[in-house]
Amino acid sequence: MKPDTDAMAPLNLGDLDLTTDEFILDEVDIHIQANLEDDLVKEALKTRMEGMLSGFQSDLSSISSEIQTLQQQSVSMNMRLKNRQAVRSHLSQLVDELVVPGAMIQVILESPVTEQEFLEQLHELNNKINFAKELSFRETLACSDIQDIVDRLKIKAVTKIREFILQKIYSFRKPMTNYQIPQNTLLKYRFFYQFLLANERTVAKEIRDEYVDTMSKIYYSYFKSYSGRLLKVQYEEVADKDDLMGVEDTAKKGFFSKPSLKSRNTIFTLGQRGTVLSPAELEGPILIPHTAQRGDCRYPYETLFRSQHYALLDNGCREFLFLSDFFMVAGNSALDLFNSVMGKTLSLFLKSMSTYVSDCYDSIAVFLCIHIILRFRAITNKRTIPALDKYWDAVLELLWPRFELILEMNIQSIRNTDPQKLGVLDTRPHYITRRYAEFSSAIVSINQTFTSERTHTLLGQLQVEVENFVLKMAAEFPSRRDQLIFLINNYDMMLSVLMERAADDSKEVEGFQQLLQARSQEFIEEILSSPFGGMIAFVKESEALTEKGQLDRLKNDEVRITQLIRGFSSTWKQSVEALSQDVMRSFTNFKNGTGIIQGALTQLIQYYHGFHKVLSQPTFRSLAVRSELINLHHLMVEVKKHKPNF
């Protein structure tokens, strides 16, 4: 088929026969129509979107409302759940507390109280008893279901516990029993007494009373026996009323009089007795009387006192701690319970102390006992155990007045001493001053740790009486020289003994140092006056006249001066030698004698220097005899050769 060539030919605008204006208008219409169609479409889309958004907003509001509803439902469900859980927990606890397990019944009824299971079930039973009491206060009907079972278990537990504790208490009574072992056992089961105290007070009181009665008798019996056996190892010889510091050794006594202490000085001398206060011995093992008897050992009273009271301290502290722990007491209740147990024993001790003190004249023993108590009281204070505080105070109230009384008796004995009844006069240290020195140094050394003003006052009075006694004794010597030798020997001896134990700055040491120095200086002047008295008198006279400007009055004493110069030059060596030997024979303490010799030689050089100085004055310069003066430096060198070398 032949194609239609006319149809396939391109369109020619000229063929349309349209004018240009018409064509343009047509294009505009087409464009406007298209825009209108677009606007319609947009409007439709906008309307549709608004509808969709409105629906979406409505859906969101609905969802929010549903969420709030769900939240409210969730809170309500949680509250109901918590309430149910709380009720369930309470009911579960109630049921658990109300239920009495078969294991508990079996253990309480059948197991020994020493088993750990019994102790555990006893704790559980105690909880159920307390819970049942609480429910009964609230009038809970459910508690009546178990009340009978709980009561019967309680009775059974109380019975077994009572039997166990009483058995332990009765075991204390067996001879040779170490009661600390059953005490430690009871402390392991201290809850038993707590259970009785909470549930059966009558049984608890019975046990407490039985323990107090048993232990009171045990302590009393033990300490009574121990104290009696201790006294058997005390020194047989003890001081009596005649063994005082001022009693004369040579005093005659009646035919029927009691012989004095063989060694009276031992009651005034501390010696090794002071070691009882050393830490090692103060808290050392107590004495075993039968062991000491086998070894034939004897001890002073303060050693027995220390052993006795350390045993009391040790047992008392342990007992107080046990009572406080096991019987659950504190404060005044604990002290009252302790006194119930230890009261008879403490009364026994105080009665024994009162008997001893009333007939004791050994002041050092009493003073050592005082300081033993002071140290033991410090130990109990450090351990914070007040149980024995009243006892310590009671013992000190017995000991202090007796010590003061014995000291006053010694003071009075020295005051009443008659020097003419003390035998032959002797310039050596007197035995009474030696007793004082030993005694005073002993008391001062003991008193340094726990200072007592009462002790210082009494020692001061004793020192005054001793100083007066020494002066009275010195007055019995006919010559001043012998008087000074006696005074120096006694002062030096007392000072030496005091300085061994007392502090250098003590009142006693300071007082005797001043007295010794004054009398020594006076003695030096005394021994120089015999060989060199003329020169010394001339020097003192010249110095006095020089001060007044009247030295010319001695201008015509050429003969006297010549005799002094030549006499000194020819005899000074022999005089110094004789002086040294005389001094060393006169004093018992070589060190003191040496010091006096050195002081005398020093004083001699000073006087000779003064002699030189006086003769160098214009008044005496023209004297030819001045050339015979010994050179001072040469004299000093020569004098040093005469100083003792020991």
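Residues numbered from 1 in each chain as written. Predicted model: local features only at pLDDT ≥ 70, side-chain atom pairs only at ≥ 80, totals over all residues. Heavy atoms only, no water.

- Where an unreviewed UniProt entry is consulted, the protein appears under the name Vacuolar protein sorting-associated protein 52 homolog, with the organism given as Salmo trutta.
- Quoted verbatim from the Sequence similarities (unreviewed entry) field of UniProt, the annotation for the protein is "Belongs to the VPS52 family."
- For the record of the protein, the UniProt heading Subcellular location (unreviewed entry) holds the text "Golgi apparatus, trans-Golgi network". (UniProt positions renumbered as here; feature names shortened; annotations may be inferred.)

## Brief notes about the pattern of salt bridges
1) Next: All told, the structure shown has 22 salt bridges when counted by the stated rule.
2) Next: Between Asp362 and Arg273 there is a salt bridge whose closest N-O contact spans 2.9 Å. With a gap of 89 residues between them, Asp362 in the loop between helix H13 (331-358) and helix H14 (363-382) and Arg273 in the loop between helix H9 (201-231) and helix H10 (279-282) connect regions that are remote in the sequence. For the pair Asp362 and Arg273, a shared accessibility class is recorded, and that class is buried.
3) Next: For Asp314, the salt bridge identified is with Arg318, shortest N-O distance 3.3 Å. Of this pair, Asp314 and Arg318 both sit in helix H12 (residues 301-326), four residues apart, roughly one helical turn.
4) Next: The exposure class assigned to Asp314 is partly exposed, which follows from its relative accessible area of 29%.
5) Next: Here the residues in one salt-bridge network are Arg481, Asp482, Asp582 and Arg585, joined through shared partners. (Salt bridge = Lys/Arg side-chain N within 4 Å of Asp/Glu carboxyl O. Helix = DSSP H or I, 4+ residues; strand = E, 2+ residues; numbered from the N terminus. Buried < 20%, exposed > 50% of the residue type's maximum accessible area, 1.4 Å probe, protein only.)

## Observations concerning the packing of helix H21 (residues 590-615) against helix H22 (residues 632-641)
1) Next: Viewed as axis vectors pointing N to C, H21 and H22 meet at an angle of 170°, and their least axial separation amounts to 11 Å. Here H22 runs roughly antiparallel to H21, going by the angle between their axes. With respect to the hand of their crossing, H21 and H22 are arranged in right-handed fashion. Contact residues: Leu601, Ile605, Tyr608, His609 and His612 in H21; Leu632, Leu635, Met636 and Val639 in H22. (Axes fitted to C-alpha atoms, helices over the stretch in contact; angles between N-to-C directions. Parallel < 35°, antiparallel > 145°, perpendicular 65-115°, else oblique. Left-handed = near helix turned anticlockwise from the far one by under 90°. Contact = heavy atoms within 4.5 Å.)

## Section: helix H4 (residues 102-110)
1) Next: For H4, every residue scored as buried is listed here: Met104, Val107 and Ile108. Relative to the axis of H4, the buried residues are bounded by an arc of 95° and lie together on one face. Of the residues in H4, the exposed ones pointing more than 90 degrees away from the buried face are Gly102 and Glu110. (Arc of directions from axis to C-beta.)

## Focus: the packing of aromatic side chains
1) Next: Per the counting criterion, the structure on display carries 37 aromatic pairs.
2) Next: Pairing Phe532 with Phe568 gives two aromatic rings, centres 5.6 Å apart and planes at 55°, and the pair type is tilted. Here Phe532, found in helix H19 (residues 507-548), pairs with Phe568, found in helix H20 (residues 558-586); they are 36 residues apart in sequence, far enough to count as distant. Accessibility assignment for this pair places Phe532 and Phe568 in one class, buried.
3) Next: Members of the aromatic cluster, each reached through a chain of ring pairs, are Tyr222, Phe223, Tyr226, Tyr310, Phe349, Phe376, Tyr391 and Trp392.
4) Next: The residue whose ring lies beneath Arg402 is Tyr361, and the NZ or CZ to ring-centre distance is 5.0 Å.
5) Next: Directly above the aromatic system of Trp400 lies the positively charged group of Arg454, at a separation of 4.4 Å from the ring centroid. (Phe/Tyr/Trp six-rings, centres within 6.5 Å; stacked < 30°, edge-to-face > 60°. Lys NZ or Arg CZ within 6 Å of the ring centre and 35° of its normal.)

## A word on the nonpolar core
1) Next: Formed by 170 residues in total, the largest nonpolar core has its most connected members in Ile165, Phe192, Leu462 and Phe611.
2) Next: When residues in this core are grouped by element, the largest group, 13 residues, is from H19. (Core = buried A, V, L, I, M, F, W, Y, C linked by side-chain atoms within 4.5 Å.)

## Brief notes about the packing of H12 against helix H15 (residues 389-415)
1) Next: At a minimum axis separation of 13 Å, H12 and H15 run at an interaxial angle of 160°. The pairing of H12 with H15 is recorded here as roughly antiparallel in orientation. Relative to H15, H12 is oriented so that their crossing is right-handed. Contacts between H12 and H15 involve Phe305, His309, Leu312 and Leu313 from the first element and Tyr391, Trp392, Val395 and Leu399 from the second.

## Digging into a nonpolar patch on the surface
1) Next: Judged by side-chain polarity, Phe56, Leu60, Ile63 and Ile67 come together as a nonpolar surface patch covering roughly 380 Å² of accessible area.
2) Next: The exposure class assigned to Ile67 is partly exposed, which follows from its relative accessible area of 44%. (Patch = residues over 30% accessible without salt bridge, like charges linked within 9 Å, V, L, I, M, F, W, Y side chains within 5 Å. Areas by Shrake-Rupley, 256 points an atom, 1.4 Å probe, with all protein chains shown as cover.)

## Overview of unusual backbone geometry
1) Next: A positive phi angle is found at Met328, which is not glycine, with a value near 55°.
2) Next: In this structure, Met328 sits in the loop between H12 and H13.

## What about the side chain of Asn490?
1) Next: The topology assignment puts Asn490 in helix H18 (residues 480-501).
2) Next: Within polar-contact distance, the side chain of Asn490 engages the side chain of Thr433 at 2.6 Å.
3) Next: Those residues in contact with Asn490, other than ones at most four positions away along the chain, are Arg428, Pro429, His430, Thr433 and Val470. (Polar contact = N/O pair within 3.5 Å; in protein donor to acceptor, adjacent residues only side chain to side chain.)

## A closer look at a negative patch on the surface
1) Next: On the surface, Asp38, Asp39, Glu43 and Glu50 cluster together into a negatively charged patch.
2) Next: Residue placement: Glu50 occurs in helix H3 (residues 20-98). (Lys, Arg positive; Asp, Glu negative; His and termini not counted. Charge placed at Lys NZ, Arg CZ, Asp CG, Glu CD.)

## Observations regarding the environment of Glu526
1) Next: Note on placement: Glu526 falls in helix H19.
2) Next: Taking relative accessible area as the criterion, Glu526 reaches 30% and is therefore assigned partly exposed.
3) Next: Taking the C-alpha atoms as reference, Glu526 lies 8.3 Å from Arg480; in sequence the two are 46 residues apart.
4) Next: Beyond its immediate stretch of four places on either side in the chain, Glu526 contacts Arg480, Arg481 and Leu484.

## Here we look at the state of the cysteines
1) Next: Enumeration according to the criterion identifies zero disulfides in this entry.
2) Next: Summary of cysteine pairing: Cys369 is not part of a disulfide, and the nearest cysteine sulfur, belonging to Cys360, is at 7.8 Å. (Disulfide = S-S within 2.5 Å.)

## Quick look at the side chain of Arg375
1) Next: Take Arg375: it is sitting in helix H14.
2) Next: Within the buried core, Arg375 has no salt-bridge partner, and the shortest N-O distance to an opposite charge, that of Glu283, equals 9.3 Å.
3) Next: With near-sequence residues (within four places) excluded, Arg375 lies in contact with Leu277, Leu282, Ile446, Thr449 and Phe450.

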